[in-house]
Amino acid sequence: MGIVERPLFPEIYDQEGSNGILPWQEIKRLVEVGRISASPEVSDAQFQPASLDLRLGREAYRVEASFLRGRSATLLTKVHELLHSTIDLTQPTPPLLEPRVVYIIPLLERLNLPNNIQGVANPKSTTGRLDIFTRLITECGDEFDHVEKGYSGELYVEVSSRTFPIRLRAGMKLNQLRFVRGTSVRLGTGNLRELAKEQRLVYDAEGSPAKDHVGDGVEITVDLEGDNRSSIVAYKAKGSDREIELDKIDYYDPADFWEAIPRPSDGRIILDTGGFYLLASKKRVRVPLDHAAEMVAHDPSMGEFRVHYAGFFDPGFGYGANGEIPGTKAVLEVRAYEVPILLEDEDLVGRLHYYPMASKPERVYGASIGSSYQQQGLALSKQFKRPDSYSSGSISGSALNLATA
C-alpha cells in the first residue's frame, strides 16, 4: 500500500455509520487512520468483502497446552511458562509444525479500535479444509476469537494442525477478523423470512429455486447423492505423515492425503471415530450484498458435533455482484469424536445465520478479488491438484466444522 500518513488523533477521523459488520472499504479506512497497523504495512490482498486476513509474525512458540491468558500476567509471560521451543518462521525452508501440538504465533497486525467497534475472528476456508485449528487471542482477553470494543494491543493466534504435518512461513494468512460496529445481532426468524422473500437464499442442486427452510437460520443438510459430474460425495483425511507446505498451490496429489468416498448405494455413510471428512451441502445457498453469514452446528449441545472453524460466508457468496449466481453449495468439515456416527442423505447438520452489514461492500466475494471457492466442485483446499472433475461442479465456499475441541 506504500507509506501511509497516520493522523496524530485517529478518533477525529473515526467514521460514524450504521451498526453491523464493516465492509472492506470501512476496514481499509481503519487502516488508513491507524486503527489497524502493521509492519510490513497491510496489503490490498488482505482486504476481504467483510473481513481482514491476518498475517503470521516471525516466530512461533511451541507450548505444552492451550490456554487463555487470564488477567494475572501478560500473554507472552504465560507463553514462556509453558514454552517447549521457539521456531523461526523466516527460515528459507518453512519450518515444520507437528500435528496435535499447540503453537502460539504473534501476528503482524495490531489494533487500536474505537469504543464502538469490536472484532470476531474465524479461520480462513483453506485453513479449515486442512483440519488446522486456529483461535485468535488478545491481551487480557477471556474469550477466544473475540476482540472487545475499544481494544488496543497486539494479536496472537493459537495454531494446532489436527491431521497433517504442515510447513508455515512468516506472512502467511490462516485466519481472518471481522469488525462490527455496535452489536452484531443476527436476523431473527421474521426478518430472515422477509430477506428470503426479497432475495432468494436457497437453490437446489440444478440451480432452480428451492424451499428456504428458514427458521432459526437457513437449514443446511448434507448431500450423499452427489450429481452427474462426479460420483464422489465425501473425502476422508488419511492422516498421512507427509507434510503440506501451505504456500504450494495446486501441488499435492489428493490420493496421497485423502480417501475419496463414492456415492453410497443406501444413501448413508458411517463416520469413524476421530475421522475428519469433507462433504457438501444438499442445497446451494446465497448471501446478498447487504448481509454476511456464519455457519453454526444445528445443535451445539450434541457431543458428536461442534463447530470450530471456517464458518464465515462473505457478501456475494453464491450471489455474485448483481444476484446472477443461483447459489453455491457449502463445503462441510465434519468430525466424529466420541462414537462412530451414521450420516444419511439430507441429515440436518447446520444452520446459516445472517447478519446485517453496516453498508454494502464495494468488493464482493468472487473471482475478481481472488476468492478460491466460488462455484467449484466438492473442493479440497487449494494446495491440492484439481482435476476437471473437481473444478467443474458447483460446490464451494466457506466451511462448517463439526468437531471437538
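In this text the structure is predicted, and so the values were computed from the model without any measurement.

This part takes up the pattern of salt bridges. Inspection of every chain in the model, using the stated rule, returns 24 salt bridges. In this structure, R29 and E32 form a salt bridge, with 3.8 Å as the shortest nitrogen-oxygen distance. Placement of the pair is R29 and E32 together in helix α1 (residues 24-32), with a separation of three residues, close to one helical turn. On the accessibility criterion, R29 (25% relative accessible area) is partly exposed.

Time to look at the side chain of S51. Position of S51 relative to the elements: it lies in strand β4 (residues 51-55). Look at S51 and you get buried, because its relative accessible area is 0%. The residues touching S51, leaving out its near neighbours within four places in the chain, are I27, Q46, Q176, L177 and R178.

With an omega of 0 degrees, the peptide bond running from S39 to P40 counts as cis. For P40, the location among the structural elements is in the loop between β2 (36-38) and β3 (47-48). Despite not being glycine, D131 shows a phi value in the positive range, around 60 degrees. Its location among the elements puts D131 in the loop between α3 (125-129) and β10 (132-138).

Let us now look at the environment of L83. Positionally, L83 belongs in strand β6 (residues 83-88). Considering only alpha carbons, one finds L83 and Y103, 20 residues apart in sequence, at a separation of 9.4 Å. In this structure L83 touches Y61, R62 and V63, once residues within four positions along its chain are discounted.

Further remarks concern the pairing of strand β12 (residues 152-161). By the criterion of burial, β12 is predominantly enclosed, with eight of the ten residues buried. The sheet contact formed by strand β8 (residues 102-112) and β12 spans seven bridges and is antiparallel. Following the sheet pairing, Y103 is matched in β12 by V159. Judged from the seven bridges that link them, β10 and β12 form a sheet pairing that is antiparallel. The partner of L136 across the bridge, within β12, is V157.

L192, L195 and A196 are the residues of helix α4 (residues 189-198) that are buried. One side of α4 carries all its buried residues, which in axial view fall inside an arc of 100 degrees. Set apart from the buried face of α4 by more than 90 degrees, the exposed residues are N191, K197 and E198.

As a further point, take the confidence of the model for the protein chain. The pLDDT averaged across the protein chain works out to 85; a share of 84% of its residues lies at or above 70. Note that residues 389-405 has pLDDT below 50 and, in this model, 105 contacts with residues that lie over four places away or in other chains.

Let us look at the environment of G267. Along the polypeptide, G267 turns up in the loop between β20 (258-262) and β21 (268-271). With near-sequence residues (within four places) excluded, G267 lies in contact with L224, L343, E344 and D345.

We now examine the packing of aromatic side chains. Applying the stated criterion across every chain, the model contains ten aromatic pairs. Measuring from ring centre to ring centre gives 5.6 Å for F164 and W258, while their planes differ by 65 degrees; the resulting arrangement is edge-to-face. You can see F164 sitting in the loop between β12 and β13 (166-167) and its partner W258 sitting in strand β20, a full 94 residues away along the chain. Judged by its relative accessible area of 0%, F164 is buried. Seen from their ring centres, Y252 and F257 are 5.6 Å apart, and the 80 degrees between their planes marks the pair as edge-to-face. With a relative accessible area of 6%, Y252 lands in the buried category. Joined through ring pairs, the aromatic side chains of F164, Y251, Y252, F257, W258, F276 and F384 make up one cluster. If you follow R135 out to its NZ or CZ, it ends over the ring of F144, 3.6 Å from the centre.

Here is what the cut-offs are and how they apply
Residues numbered from 1 in each chain as written. Predicted model: local features only at pLDDT ≥ 70, side-chain atom pairs only at ≥ 80, totals over all residues. Heavy atoms only, no water. Salt bridge = Lys/Arg side-chain N within 4 Å of Asp/Glu carboxyl O. Helix = DSSP H or I, 4+ residues; strand = E, 2+ residues; numbered from the N terminus. Buried < 20%, exposed > 50% of the residue type's maximum accessible area, 1.4 Å probe, protein only. Contact = heavy atoms within 4.5 Å. Pairing = 2+ DSSP bridges. Arc of directions from axis to C-beta. pLDDT = per-residue confidence, 0-100. Phe/Tyr/Trp six-rings, centres within 6.5 Å; stacked < 30°, edge-to-face > 60°. Lys NZ or Arg CZ within 6 Å of the ring centre and 35° of its normal.

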